[in-house]
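Survey of secondary and tertiary structure
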Amino acid sequence: DQQVKQNSPSLSVQEGRISILNCDYTNSMFDYFLWYKKYPAEGPTFLISISSIKDKNEDGRFTVFLNKSAKHLSLHIVPSQPGDSAVYFCAASARGANNLFFGTGTRLTVIP
Amino acid sequence: NAGVTQTPKFQVLKTGQSMTLQCAQDMNHEYMSWYRQDPGMGLRLIHYSVGAGITDQGEVPNGYNVSRSTTEDFPLRLLSAAPSQTSVYFCASKPPGLRPGGYTFGSGTRLTVV
């Protein structure tokens, strides 16, 4: 059973606009959440993370929001750039665990 | 600094053949793991290791074996390949005590079993 879900397989946005990628999780033991970015023929690369003690974490154009009561997190990219076009994976881990559980990914296309 | 190196990048196997996917890291990371990526399934953990001589199963371990004789290397073995093992395989590593944001992934091995 998928513990981390990304229900939108794809998203297209215009350059300069906001991209919002969503993720839901079911395991209440998860306390650390991450977003990875993946280009074709490359491995995933870490983008941004958030601990469950926070509800927001910002890094430049990227902001992750966490709603623990809804078991939902989202990644905002503002402004979106063509170079942001990639597959974005949401991932989660539980306290004391090394292993990550990944969502199915959302393919973001930023249109120039 | 090479990071995590996976070989080969591409491989085609016949059903029933065996092979080893190689993974090596030069960052002295204790933790290493193997994931497979399938369409609509995301990345799923196959096996992992928290140090030399220690391995454990992940979500989808059936059909795969691993060993960890050195800190640097973590090979993944397919003893009798099946078409269901057609996938892209990623190796990842991280230092001890760091939350998973510290994962470094290799560039992947695309395996096709016919």
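To be clear, the structure that these remarks concern was listed above.
In this report, we go over the structure that sits alongside the text. (Residues numbered from 1 in each chain as written. Chains lettered and ligands numbered in written order. Predicted model: local features only at pLDDT ≥ 70, side-chain atom pairs only at ≥ 80, totals over all residues. Heavy atoms only, no water.)

Time to look at the side chain of arginine 36 of chain B. As for its position among the elements, arginine 36 of chain B is in strand β4 (residues 31–38). Reaching out from arginine 36 of chain B, the side chain makes a polar contact with the side chain of aspartate 38 of chain B at a distance of 2.9 Å. (Helix = DSSP H or I, 4+ residues; strand = E, 2+ residues; numbered from the N terminus. Polar contact = N/O pair within 3.5 Å; in protein donor to acceptor, adjacent residues only side chain to side chain.)

Here a disulfide denotes a covalent bond joining the sulfur atom of one cysteine to the sulfur atom of another. Within this structure, the stated rule accounts for 2 disulfides over all chains. What pairs with cysteine 23 of chain A in a disulfide is cysteine 90 of chain A, and their sulfur atoms sit 2.0 Å apart. Across the S-S bond of cysteine 23 of chain A and cysteine 90 of chain A the torsion is about -75°, and the bridge reads as left-handed. On the criterion of sequence distance, the pair formed by cysteine 23 of chain A in strand β3 (residues 19–25) and cysteine 90 of chain A in strand β9 (residues 86–94) is long-range, its members being 67 residues apart. Across the pair, cysteine 90 of chain A and cysteine 23 of chain A agree in class, each one buried. The disulfide partner of cysteine 23 of chain B is cysteine 91 of chain B, and the gap between their sulfur atoms is 1.9 Å. Across the disulfide from cysteine 23 of chain B to cysteine 91 of chain B, rotation about the S-S bond amounts to roughly -75°, and the bridge is consequently left-handed. (Disulfide = S-S within 2.5 Å. Buried < 20%, exposed > 50% of the residue type's maximum accessible area, 1.4 Å probe, protein only.)

Contacts between chain B and chain A engage 20 residues on the former and 22 residues on the latter. Between chain B and chain A, the buried area comes to about 1700 Å², and carbon and sulfur atoms account for 57% of it. Joining chain B to chain A, the criterion identifies 0 salt bridges. One can count 2 residue pairs in polar contact (both at pLDDT 80 or more) joining chain B with chain A. Of all the elements in the fold, those that place two or more residues in the side of chain B that touches chain A are β4, β5 (42–51) and β9 (87–94) of chain B. In terms of residues, the side of chain B that touches chain A owes the most to one element, β5 of chain B, which gives 5 residues. Here the side of chain B that touches chain A is built from residues that sort into 11 nonpolar, 6 polar and 3 charged. (Contact = heavy atoms within 4.5 Å. Buried area = accessible area lost by both parts, 1.4 Å probe. Salt bridge = Lys/Arg side-chain N within 4 Å of Asp/Glu carboxyl O. Nonpolar A, V, L, I, M, F, W, Y, C, P; charged D, E, K, R; others polar.)

Function cannot be read off these values alone, since they describe shape.
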